[in-house]
Amino acid sequence: MSVDLGSARPLGWSEPGRTTLEIKTGGWRTRRPAYVEATAPCRAACPAGEPIARWIERARLGDHAGAWALIREENPFPAITGRVCAHPCESACNRGQYDGAVAINGLERFIGDWGLEHGTPARPAITRAECVAVVGSGPAGLACTYHLSRLGYRVHLFEAEHELGGLLRYGIPEYRLPRAVLTREIEFAIAPDVEVFTGRRLGEDLSWSTLAAYDAAFLATGATLPMRLRVPGEEARGTGHGLTFLRHVNAGAVPSLGRRLVVVGGGSTAMDVARSARRLGVPSVTVLALEAREDMPAQPEEVAEALSEGVEIVNGVGVFSFLEDSGGVSGVVARPARLGRDDAGAVLPLFEPGASLTVEADGVLVSVGQRADLSRLPAGVLCDSGLIVVNGGGATPTRHVFAGGDAASNQRTVTHAIGAGTRAARSIHAALSGSTSAADPAPGAWALPAPEHVVGFSEINVHYFRRVRRARRRQRPPDQRLRSFVETAGGFDEETAAAEMARCFTCGRCVGCDNCYIFCPDMAVSRVDGGYRISTDHCKGCGLCIEECPRGSLHMVSER
Amino acid sequence: MTPVRVEVPQQSRMLLTGNHAVAYAALLARPQVIPVYPITPQTPILEKLLELADRGELAGELITVESEHSAMAACIAASLAGARVFTATASQGIALMHEMLHYAAGARAPVVMANVNRTLASPWGFWPDQTDSLAQRDTGWIQLYCESAQEALDTVLQAYRVAESVLLPAMVVTEAMYISHTLEPVEVPGPELVARFLPPYEPALRLDPARPRSFGGTSTPAQWRANRLAMQAAMGQALEAVDEAGTLWGELTGRPYASVERYRVDDAELALVTAGGIAGTAREAVDRLRDHGVAAGLVKLRLFRPFPAAELADLLWPVRKVVVIDRNCSVGSGGIFAQEVRAALHAHQQSGAYVFSYIAGLGGVNVSPERVVQIARDALGRVRPPQEPILEESL
């Protein structure tokens, strides 16, 4: 109704065009919020240093090629690690404290497989005069080769066996890592300009003087010597080493195993041996492990799959002696024991009181770890406790000699080896060129890099995330699995992967959700350059934006 | 109230509780934003509105908020953006809104809210008592008290016309259980009739991103004072607007209203003064007193803010005894309506009348026609009023 209110008309309104922006509430402030790019816990936990939250974000936006490229900034083998990585990222995932960790490993396989089918690997040009020798083509050597060629170096890659891959090829069974995936991802990683020399074993077909002629050398010769139990009867006919067995199986041979097999060890290799034996038709496979079931070094999934495939696992026992019958092994005597180590760090059973257990066997395969063969290294390379001595970047005390992987570390996973190869390549580049590689790009000029800050669960505002069940990988039924070495675990389909990507909190990285923009009581937040800017004329430093940020990508900065 | 028979084709008769009558009035007012929070005994209002929205009959945006404080905050913001808004509350709910009630009035946001009078805790109770709304008398809200479901429906629609013409918020007050939950036949006007009475709300000033300007910034002492004086001036205009709206409503529906209603008071020597549901009972008591030769009348206070002091003084000047019945007690003082009536008569030099203050029906205790007759006879028997209010228990 249009009524002339006269002196009763409303006041308190500004002139047209004049707004509350005139009120400079920023003068009340002693601290201010700042957009940061902090480190997500998954990345902090990743031995290969993958920017996990960032590549999941790319993939979530439909940019699979971008996600694949981001992974390969650090790790050239997402299809491989997406199958065999022990995924410490998932243990660190903040979502694990809410409704289950994001299934990062499965997503990595999804992106890796996408890359194998659709990706075009970059073919870097040689831009540097130096040539680097890489010895060993396991995950450490391959990763180092990949990054060195990306940095413009000429690389000569030496491998003792006839095919590339090292432990990936000779140690991991095909039902966990199909050969086609392995071969293609190695092809993608090795640039055409890399010169590959197979059948060249250090100390036999490859001399130290040859290596010394290179501008730098990276030693990634692995840990190939099986550890022994040092128990009477260990040399009897019918006994052997798990890794040797796997090497034969992976090379296509079918060793004779008898009908009753005992596998000694509680790690991934022991599971691989036991499950491979079941696939080769051995009716009775018994694993003897020192550790309790929940403390076994093998992944819980591997243990569960082994059990479902009919493997029997006895925990908390150590091998006391072997039984022999006319020169061949006929069984194993085990006693209650717990895990101990000798002065050199080798596993040693500490026997405890209790009845002994006799397991009859036609064969015994020992899988209690490997050690590096350091006998072929020249005296100039410093070793200690069975490992080549290196610093955090993989440099040995010998000038321009670097080392990594199982030969230089007791953290013996594929992903640790990849990380070691990557760091070594960057150290070699620094040593040869004097320059260090650039840090990750910030999301924009509006955000500060804060790589040292790892986002904790308390920084996540879970009110903005609906509880959603974690995606599960399909497993082939056990009876089908036992008929062949066909891959056991299925990959995610597009729909499952998309739903799982949507579960990622994207810790510590602004995704433009607008919460800060919407909630700021002073309207101090404006949209700029794909991100946001906070007006210091108006921000009172109340911290509401930080509270409402779902993912910890805003930090308070003191101005005092 | 004297019914006037006019042609009213656009109405239909429904059997409604006071709450549902309020909800239908809100529906007819076509509010665009309706922030609601449930509280007994008001909840059936919002339930009916949700039901109407669910059926597609109510087009406004229903916002279910987390408290009455937020409900009123949302009302104010939407109103300043130019929307017509509605909400309803009671008792603890209006108490929680208190801060925002001041803001709404200072912001000149013409929010219309129904309040169902209910006791305030402690102790807990669910029955009528006027203290919850009367305690908000200084917030700058227009307050209208209703005695029936029909009056509640009619008053909500009139409140919009008044509020939007003077740019002050308006509260329509009913009563727990006796009005809110009691079924009565109610004439419900059709939308065409209401459209003739209540045009769309189109404020000259509103928050609009396309034409930026600010509202409610920090003021100087002079600016704050000017705003307060403008509110006082608007209250003066509201006095006229209430009677204008009541008259126009009567022309359209046959049910005229005024800020103060009189019943058999012209030649009365004793006038009962009350508000809300007791007014209907008092009307019956006046008839009984008249049947027994007592020259009694009734003045029903429909409008409490702005207080119609001049009109009341004019009406009551020939009356010897003014008997105010309060269903409330301002602890340490007495009946609130009695205070206001005394102040109004004193301010207008109406010193000839004695004002007797009776407190009855506290906490929802029933006030029967017999009780009102008893109160009138008690006043007739006294030469002059005592200093303290007279409690019904003492009769």
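No experiment lies behind these values; they were computed from the predicted model shown.

A look at the overall build of chain B
Stage number 1. Looking only at helices and strands, one finds 12 helices and 15 strands in chain B.
Stage number 2. Its C-alpha radius of gyration of 21 Å places chain B within 12% of the 21 Å reference for a compact globule of 395 residues.
Stage number 3. Here the C-alpha coordinates of chain B stretch approximately 70 × 50 × 40 Å along the principal axes.
Stage number 4. Out of the 395 residues belonging to chain B, those deemed buried represent 59%.

Considerations on the environment of Pro78(A)
Residues and elements named next belong to chain A.
Stage number 1. When you line up the elements, Pro78 lands in helix α4 (residues 78–84).
Stage number 2. Residues Pro78 and Met271, spaced 193 residues apart in sequence, show a C-alpha to C-alpha distance of 23 Å.
Stage number 3. Residue contacts for Pro78: discarding those within four places in its chain leaves Trp68, Ile71, Arg72, Glu108, Arg109, Gly112 and Glu185.

What to know about the packing of helix α1 (residues 18–29) of chain B against helix α6 (residues 149–166) of chain B
Residue and element names in this part refer to chain B.
Stage number 1. Packing of α1 against α6 brings their axes to within 8 Å, and their N-to-C directions diverge by 30°. With respect to each other, α1 and α6 are oriented roughly parallel. Every pair of crossing elements has a handedness; the one defined by α1 and α6 is right-handed. Of the residues in α6, those in contact with Gly18, Ala21, Val22, Tyr24, Ala25, Ala26, Leu28 and Ala29 of α1 are Ala149, Ala152, Leu153, Val156, Leu157 and Tyr160.
Stage number 2. For the contact of α1 with α6, the per-class residue count stands at 13 nonpolar, one polar and no charged.

So, helix α10 (residues 309–316) of chain B
Residue and element names in this part refer to chain B.
Stage number 1. For α10, the full list of buried residues reads Ala309, Leu312, Ala313, Leu315 and Leu316. In an axial view of α10, the angular spread of the buried residues amounts to 165°, which keeps them on one side of the axis.
Stage number 2. Here the buried face of α10 lies against β9 (260–263), β10 (270–274), β11 (296–301), β13 (321–326) and α11 (336–347).

Quick word on the packing of aromatic side chains
Stage number 1. Applying the stated rule across the entire model yields 16 aromatic pairs over all chains.
Stage number 2. Arranged with centres 5.0 Å apart and planes meeting at 55°, the rings of Trp13(A) and Phe215(B) form a pair that is tilted. With one member in each of two chains, Trp13(A) in the segment before β1 (31–39) and Phe215(B) in the loop between α7 (191–197) and α8 (221–253) form a pair that bridges those chains. No difference in accessibility class separates Trp13(A) from Phe215(B), as the two residues are buried.
Stage number 3. Aromatic side chains Phe197(B) and Trp249(B) sit 4.9 Å apart centroid to centroid with 70° between the ring planes, which places their arrangement in the edge-to-face category. Of this pair, Phe197(B) sits in helix α7 while Trp249(B) sits in helix α8; the two residues are 52 residues apart in sequence, bridging distant segments of the chain.
Stage number 4. A residue is classified by how much of its surface remains accessible, and Trp249(B), at 0% relative accessible area, is buried.

Let's talk about the nonpolar core
All names here are of chain B.
Stage number 1. Of all hydrophobic cores here, the largest spans 117 residues; its most connected members are Met72, Phe86, Ile142, Leu157, Val322 and Val341.
Stage number 2. If one sorts the elements of this core by residue count, α6 sits on top with 10 residues.
Stage number 3. Contact partners of Met72, with chain neighbours within four places excluded, come to Thr87, Met97, Met100, Leu101, Ala104, Val111, Met113 and Trp141.

Considerations on the state of the cysteines
Stage number 1. Inspection of every chain in the model, using the stated rule, returns zero disulfides over all chains.
Stage number 2. Cysteine Cys542(A) is unpaired, with the sulfur of Cys545(A) as its nearest cysteine sulfur at 6.3 Å.
Stage number 3. Here Cys542(A) falls in the partly exposed class, since its relative accessible area comes to 43%.
Stage number 4. The thiol of Cys146(B) is unpaired, and the distance to the nearest cysteine sulfur, on Cys75(B), comes to 18 Å.
Stage number 5. The buried category is assigned to Cys146(B), whose relative accessible area is 1%.

Notes on the interface of chain B and chain A
Stage number 1. Taken together, the 23 residues of chain B in the interface contact 19 residues of chain A.
Stage number 2. For the pairing of chain B and chain A, the buried interface totals around 1,800 Å² over both sides, and the portion due to carbon and sulfur atoms is 64%.
Stage number 3. Along the contact surface separating chain B from chain A lie zero salt bridges.
Stage number 4. Counting the contacts that link chain B with chain A gives seven residue pairs in polar contact (both at pLDDT 80 or more).
Stage number 5. Elements that contribute at least two residues to the side of chain B that touches chain A include exactly α6 and α8 of chain B.
Stage number 6. A total of six residues in the side of chain B that touches chain A trace back to one element, the largest contributor, which is α8(B).

A word on the sheet that holds strand β10 (residues 312–315) of chain A
Residues and elements named next belong to chain A.
Stage number 1. Strand order in the open sheet formed by five strands is β7-β15-β8-β9-β10, and the pairing between neighbours is parallel. Of all the strands in the sheet, the pair left with one neighbour each is β7 (239–241) and β10. The sheet shows a mean angle of 20° between the axes of neighbouring strands, direction not considered.
Stage number 2. By the bridge criterion, four bridges tie strand β8 (residues 260–264) to strand β15 (residues 363–366) in an arrangement that is parallel. What sits directly across from Val263, in β15, is Leu365.
Stage number 3. Relative to β7, helix α11 (residues 242–250) is tilted by about 75°, and along the sheet it contacts β7 and β15.

Structural notes on the confidence of the model for chain B
Stage number 1. Averaged over chain B, the pLDDT score is 94; the fraction of residues at 70 or greater is 97%.
Stage number 2. Two numbers describe this predicted complex: its pTM, 0.73, and its ipTM, 0.78.

Describing the pairing of strand β7 (residues 170–175) of chain B
Residues and elements named next belong to chain B.
Stage number 1. Of all six residues that make up β7, six are buried, and the element is covered over most of its length.
Stage number 2. Alternating residues of β7 divide into Ala170, Val172 and Thr174 and Met171, Val173 and Glu175, and every residue in both groups is buried.
Stage number 3. Taken together, the six bridges between strand β5 (residues 112–117) and β7 define a ladder with parallel strand orientation. Bridging from a neighbouring strand, Asn117 pairs with Glu175 of β7.

Some details on helix α7 (residues 139–150) of chain A
Residue and element names in this part refer to chain A.
Stage number 1. With 12 residues, α7 extends 16 Å between its outermost C-alpha atoms, agreeing within 8% with the 16 Å of an ideal straight helix rising 1.5 Å per residue.
Stage number 2. Among the 12 residues of α7, 11 are classified as buried, and the element is accordingly described as predominantly covered.
Stage number 3. For α7, the full list of buried residues reads Pro139, Ala140, Gly141, Leu142, Ala143, Cys144, Thr145, Tyr146, His147, Leu148 and Ser149.
Stage number 4. Gly152 sits one or two positions beyond α7 and adopts a positive phi of about 100°.

A few points about a nonpolar patch on the surface
All names here are of chain A.
Stage number 1. A contiguous nonpolar surface patch, about 430 Å² in accessible area, is contributed by Tyr464, Tyr517, Ile518, Phe519 and Leu544.
Stage number 2. If you tally residues by element for the nonpolar patch, the top one is helix α17 (residues 515–519), at three residues.
Stage number 3. Relative to the assigned elements, Phe519 resides in helix α17.

Here's the deal with unusual backbone geometry
Stage number 1. The amide bond that connects Thr40(B) to the next residue, Pro41(B), takes the cis arrangement and shows omega of 5°.
Stage number 2. When you line up the elements, Pro41(B) lands in the loop between β2 (33–36) and α2 (43–54).
Stage number 3. Here the amide bond leading from Ala121(B) into Ser122(B) is cis, since omega sits at 5°, within 30 degrees of zero.
Stage number 4. Here Ser122(B) shows up in the loop between β5 and α5 (131–134).
Stage number 5. Non-glycine residue Thr506(A) carries a positive phi angle of around 55°.
Stage number 6. Its location among the elements puts Thr506(A) in the loop between α16 (494–503) and α17.
Stage number 7. Looking at Thr506(A), the relative accessible area reads 0%, which means it is buried.
Stage number 8. Located in the positive-phi region is Asp529(A), a residue other than glycine, with phi close to 50°.
Stage number 9. Counting through the fold element by element, Asp529(A) comes out in the loop between β21 (525–528) and β22 (531–534).

Some thoughts on the side chain of Asp406(A)
All names here are of chain A.
Stage number 1. You can see Asp406 is positioned in the loop between β19 (401–403) and α14 (414–433).
Stage number 2. Despite its burial, Asp406 remains without a salt bridge, the nearest opposite charge being carried by Arg412 at 4.3 Å.
Stage number 3. In this view, Asp406 contacts Gly222, Ala223, Leu387 and Arg412; residues no more than four positions away in its chain are not counted.

Digging into the side chain of Glu302(A)
Residue and element names in this part refer to chain A.
Stage number 1. By the element assignment, Glu302 lies in helix α13 (residues 300–308).
Stage number 2. Given a relative accessible area of 6%, Glu302 falls into the buried group.
Stage number 3. Contact partners of Glu302, with chain neighbours within four places excluded, come to Arg176, Ser268, Met271, Asp272 and Arg275.

Cut-offs used in this document
- Residues numbered from 1 in each chain as written.
- Chains lettered and ligands numbered in written order.
- Predicted model: local features only at pLDDT ≥ 70, side-chain atom pairs only at ≥ 80, totals over all residues.
- Heavy atoms only, no water.
- Helix = DSSP H or I, 4+ residues; strand = E, 2+ residues; numbered from the N terminus.
- Rg over C-alpha atoms; globule rule 2.2 N^0.38 Å.
- Buried < 20%, exposed > 50% of the residue type's maximum accessible area, 1.4 Å probe, protein only.
- Contact = heavy atoms within 4.5 Å.
- Axes fitted to C-alpha atoms, helices over the stretch in contact; angles between N-to-C directions.
- Parallel < 35°, antiparallel > 145°, perpendicular 65-115°, else oblique.
- Left-handed = near helix turned anticlockwise from the far one by under 90°.
- Nonpolar A, V, L, I, M, F, W, Y, C, P; charged D, E, K, R; others polar.
- Arc of directions from axis to C-beta.
- Phe/Tyr/Trp six-rings, centres within 6.5 Å; stacked < 30°, edge-to-face > 60°.
- Core = buried A, V, L, I, M, F, W, Y, C linked by side-chain atoms within 4.5 Å.
- Disulfide = S-S within 2.5 Å.
- Buried area = accessible area lost by both parts, 1.4 Å probe.
- Salt bridge = Lys/Arg side-chain N within 4 Å of Asp/Glu carboxyl O.
- Polar contact = N/O pair within 3.5 Å; in protein donor to acceptor, adjacent residues only side chain to side chain.
- Pairing = 2+ DSSP bridges.
- pLDDT = per-residue confidence, 0-100.
- Expected span 1.5 Å × (residues − 1).
- Patch = residues over 30% accessible without salt bridge, like charges linked within 9 Å, V, L, I, M, F, W, Y side chains within 5 Å.
- Areas by Shrake-Rupley, 256 points an atom, 1.4 Å probe, with all protein chains shown as cover.
- Lys, Arg positive; Asp, Glu negative; His and termini not counted.

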